[in-house]
Amino acid sequence: MTEQPVSLRQMAQQMNVAVSTVSRALAGDRGVGAKRAGEIRRLARSLGYRPRPLRRKRADAIALLIATPKPGVADDIFQQMVISQVERCASAQGRHVHVEFTSREESAAAPAVLAENRVDGVVLTGHPSADLCWRLRDSETPVVVIEDHVERTGCSSVMTDFGPGVAEAIGRLGDLGHERIGLVISRREYPSIARRYHAYVETLRAIGIAADPEWVIENVEPTVAGGRTAVQLYLERRDPPTAILFGNDWMALGGLNELLRRGYHVPRDISLVGHDNISICEELSPALTSVDGRVAELVGEAMELLEQQIAGESGEPVQRNVEGYLVWRESCGENRKVLNGSA
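Described below are features of the structure shown in this document. (Residues numbered from 1 in each chain as written. Predicted model: local features only at pLDDT ≥ 70, side-chain atom pairs only at ≥ 80, totals over all residues. Heavy atoms only, no water.)

Let us now look at unusual backbone geometry. Of note, the bond from V266 into P267 is cis; its omega dihedral lies within 30 degrees of zero at 15°. By the secondary structure assignment, P267 is in the loop between α11 (249-261) and β9 (271-275). A cis amide bond links S285 with the next residue in sequence, P286, at an omega value of 5°. With respect to the helices, strands and loops of the structure, P286 is situated in the loop between β9 and β10 (289-292). For D276, which is not a glycine, the phi torsion comes out positive at approximately 105°. On the accessibility criterion, D276 (6% relative accessible area) is buried. (Helix = DSSP H or I, 4+ residues; strand = E, 2+ residues; numbered from the N terminus. Buried < 20%, exposed > 50% of the residue type's maximum accessible area, 1.4 Å probe, protein only.)

And the structure:
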């Protein structure tokens, strides 16, 4: 005998609430308290509830949903790069893109374009709330998350593995005599940032350098101002790093500007490495060494996974990784004090 799927009414009876409350909670309606809504969604997952899919024509459109701390604003250059690449890939597939912004808060509601079924699938980025990711998955919406883990989101996810690029940068800096190598990052709760941090610590250990917590400055805004502030903090210390890795190129640019303003020479006094390899890296003086995250390939993988889901060809959520690589430029050089025996 075939087991009957669980219904909204059965869940409502078990939770001792109205059927409408269950329906609104599963739809992400903010009219249901966050605690109660979470309990209802957890019950639905434990019972294997699946909503009945709406029969509708293809919209030939997708939503790019970007989680940010400020409404309507991409908070770093990486998100702007993702927007450009998603639009390029969608155009090649004959699809339109609705770019929407959402809060990173757990109570974040899905935008109207999703609730009204005006898109065939969703690409998420910017470290969206896990609750929102699971709600989309539970609604059987085709969804892929960029720069995140399947374990956290419950959805197919694609991440850049910055580890090889970070390892090569630190290894080459070590060969050039650098032993005090700093790291400036935003928030380690973000999976891609955590990967860079672990690659930094593990590579230093591999070349025989014990990572000093004083060399790491974190919770920095991923902006030019954030990089400038980090360098100011380093220079207040008795033994600042002789080389610094920044979480993105804008932070590295801020650090470079602050060093030049104070009369330091890059790379003679301090070597700098950024992340993302944006076009301005080659135009700076000195040109900035950077770890390229291969954003085009990253988004291409995400769009391929999304297309498979839209076509009904996918199974369980999967994790894919795209390997980053180092682009070595003039902002890195010898630690002359060590190599000349003066330190």
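Once you've had a look at it, read on.
What follows concerns the pairing of β9. Where burial is concerned, most of β9 is hidden: five out of the five residues are buried. Both faces of β9 are covered, namely the face carrying S271, V273 and H275 and the face carrying L272 and G274. Across three bridges, strand β8 (residues 243-246) lies against β9 in parallel orientation. Directly across from L245, in β9, lies its bridge partner V273. Pairing between β9 and β10: three bridges, direction parallel. (Pairing = 2+ DSSP bridges.)

Paired through their backbone hydrogen bonds, the strands of a sheet run either parallel or antiparallel. What the six strands build is an open sheet, ordered β7-β6-β8-β9-β10-β12; its pairing is mixed. A strand with exactly one partner marks an edge of an open sheet, and here the two such strands are β7 (216-217) and β12 (325-327). Judged from the three bridges that link them, β10 and β12 form a sheet pairing that is antiparallel. Of the residues in β12, the one forming a bridge with D292 is Y325. The strands touched by helix α8 (residues 163-175) are β6 (181-184), β8, β9, β10 and β12; relative to β12, the strand with the most contacts, the crossing angle is about 45°. (Contact = heavy atoms within 4.5 Å. Axes fitted to C-alpha atoms, helices over the stretch in contact; angles between N-to-C directions.)

We now examine helix α3 (residues 34-46). Along its 13 residues, α3 runs 18 Å from first to last C-alpha, staying within 8% of the 18 Å computed at 1.5 Å per residue. Where α3 is concerned, the buried positions are A37, G38, I40, R41, L43 and A44. Backbone geometry just downstream of α3 places G48 in the positive-phi region, at approximately 75°. (Expected span 1.5 Å × (residues − 1).)

With that settled, consider the side chain of H275. Tracing the backbone through its elements, the reader meets H275 in strand β9. The exposure class assigned to H275 is buried, which follows from its relative accessible area of 1%. A polar atom in the side chain of H275 sits 2.8 Å from the backbone oxygen of F246. The residues contacting H275, other than those within four sequence positions of it, are F162, V166, R196, F246, G247, N248, D249, S290 and V291. (Polar contact = N/O pair within 3.5 Å; in protein donor to acceptor, adjacent residues only side chain to side chain.)

This next bit is on the nonpolar core. Core analysis: the largest hydrophobic core is formed by 24 residues, its most contacted members being I181, Y200 and L245. Put simply, the parts of the chain that give this core at least two residues each are α8, β6, α9 (191-206) and β8. Sorting elements by how many residues they give to this core places α9 first, with six residues. Other than its neighbours up to four places away in sequence, Y200 contacts V166, I170, I181, G182, L183, W215 and V216. Ranked by size, the runner-up nonpolar core spans 23 residues in total, among them V82, V158, L298 and A302. (Core = buried A, V, L, I, M, F, W, Y, C linked by side-chain atoms within 4.5 Å.)

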